[in-house]
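Chain and residue survey
Listed here are the chains, written in short residue letters.
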Amino acid sequence: MAKVISFINYKGGVGKTTTTYHIGCALARFHDKKVLLIDTDPQTNLTFLCTIPERWEKFKREHGTVSSLFHAYLNNTLDTFDMNKILWKFPVRIGAHEVISKLELIPSDIELLGIDIDLAAKTTRRNETSFYHEHINVLRRTVNRIKSELGIDISRDSRDAHFYVEQHHILKKAIDKVKDNYDYILIDCPPNLYLVTQNALAASDYYIITTIPDHLSTIGINILIRKISELNNVLLQKYRIARVEAACVALKGILFTIVHKVGPNIVSMNKKIMQDIHDKYGDLCFKKYILWGIGYTEAAAQSAPVFLMDDDNTMRVAEQYKEVTKEFLQKVNGNEI
Ligand SMILES: Nc1ncnc2c1ncn2[C@@H]1O[C@H](COP(=O)(O)OP(=O)(O)OP(=O)(O)O)[C@@H](O)[C@H]1O
Ligand SMILES: [Mg+2]
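Just so we're clear, the structure is a prediction, and the values are computed from it rather than from any experiment.

Another aspect to go through is the overall build of the protein. Along the protein, the regular secondary structure elements total 13 helices and ten strands. Computed over C-alpha atoms, the radius of gyration of the protein comes to 22 Å, within 12% of the 20 Å expected from 2.2 N^0.38 for 337 residues, which places it in the range of a compact globule. Taken along its principal axes, the extent of the C-alpha atoms in the protein is 75 × 50 × 35 Å.

Right, dumping it as structure tokens:
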């Protein structure tokens, strides 16, 4: 069964997508792992690292994207939603033939942009008094009486908890259907902590924070970890009330990306901040890190990971993600890789 890992930071431009993509590609290409990448960001960056707009347009038209899943929930058709339909089998393609055959993708699209608002509106609608309020209440009282006679928990708390869990398990429910087909499912989160991101966290075993070692990012790490811990606590409370068996996501690593070097040395401010975070979080920090490097944009323009490019610069940066992927495997699995 796959391990599910979210790459997250509510701060933008800190290497979440680049890392999700390259660790995913490296797992599939160099470690023979079956990998599913899930793009939950309406910016669609992970999707466009994997493929070109023309192929994505065609896939989207014929199969849908991750936003189809959330729309299915909003339209009350999630139970019959065919998750296999939005699984893209060979998204990464170089030229006509070369593919990363063990890598699959659930692409995103801009339609996801309004979903958090639509999900929130569903909560509001649920709480509103409707025209049929009185009739519904009569029916509800009857159903409640029957449930109570049968010993089923009918409290408002219980109903609210069920709804809360349902709204946070849209992605998890879909992932659970295909989890057995993969070794790793990696989720690229958008730079926020709204409901879609909370869905990614609720579906994940672990989360990994990517961060640039600068002042604002350092402050952000503390806040992010605290916020996720608060979200976990609320979810745990709802699980208890709704009697749902589920575990909460755990922090598995903090990875420094886009680290700057001058000559052979990391610039002093970056170095100091990396040391401070190491002092605070110890082994949670990756020992390896990713330097700022040339080649990412060039590889992205060809919808290929840096590993598949053959110029010197890109081959150098590719080595760093290969090393980080080895450490990722150790962190996620301990010694059994
Ligand atoms: N090691 C690196 N060296 C140089 N440029 C990098 C490196 N890693 C990422 N980039 C570039 O930095 C930009 C931001 O990276 P990326 O999109 O991975 O961040 P993100 O955290 O996913 O951003 P967002 O919050 O917008 O989703 C991209 O243009 C990417 O190509
Ligand atoms: Mg991103």
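A separate point is helix H13 (residues 312-333). Under the 1.5 Å per step criterion, the end-to-end length of H13 is 32 Å for 22 residues, consistent within 8% with the ideal 32 Å. Listed in full, the buried residues belonging to H13 are Thr314, Val317, Ala318, Tyr321, Val324, Thr325 and Phe328. One face of H13 carries all of its buried residues, which in axial projection span an arc of 125 degrees. The exposed residues of H13 that point more than 90 degrees off its buried face are Asp312 and Glu319. Residues of H13 that are buried in the fold lie against helix H1 (16-30), strand S8 (250-256) and helix H12 (296-301). Directly beyond the C-terminal end of H13, a positive phi value near 65 degrees is found at Gly334.

Strand order across the open sheet formed by six strands is S5-S2-S6-S1-S7-S8, with parallel pairing between neighbours. The sheet is open, and its two edges are formed by strand S5 (103-106) and S8, each paired on a single side. Between one strand axis and the next, the sheet turns through 20 degrees on average, direction left out of account. Bridge count for strand S7 (residues 206-211) against S8 is six bridges, and the pairing is parallel. Paired with Thr211 across the strands is Phe256, a residue of S8. Sitting on the sheet, H1 is in contact with strand S1 (3-8), strand S2 (35-39), S5, strand S6 (184-188), S7 and S8, with an inclination near 165 degrees to S6.

Reading the values: the criteria
Throughout, a residue's number is its position along its own chain's written sequence, starting from 1. Chain A is the first chain written and ligand 1 is the first ligand written, with later ones labelled in order. In keeping with the model being predicted, local features are shown solely for residues with a pLDDT of at least 70 and side-chain atom pairs are shown and tallied solely at 80 or more, while totals for entire chains, interfaces and linings include all residues. Numbering goes from the N terminus for both helices and strands, where a helix is a DSSP run of H or I of at least four residues and a strand is a run of E of at least two. Two things to know: the radius of gyration comes from C-alpha atoms, and the globule rule equals 2.2 Å times the number of residues to the power 0.38. Between the first and last residue of a helix there are one fewer steps than residues, each counted as 1.5 Å, and that sum is the expected span. Three exposure classes are used, based on other C-beta atoms lying within 10 Å of a residue's own C-beta, which is placed from the backbone: buried for 20 or more, exposed for 12 or fewer, and partly exposed in between. This arc is taken over the directions from the axis of the helix to the C-beta atoms. By definition, residue pairs are in contact when their C-beta atoms, positioned from the backbone, come within 7 Å. Any two strands with at least two DSSP bridges between them are considered paired. Working convention: axes come from line fits to C-alpha atoms, limited for helices to the stretch in contact. Angles between N-to-C directions cover 0 to 180 degrees.

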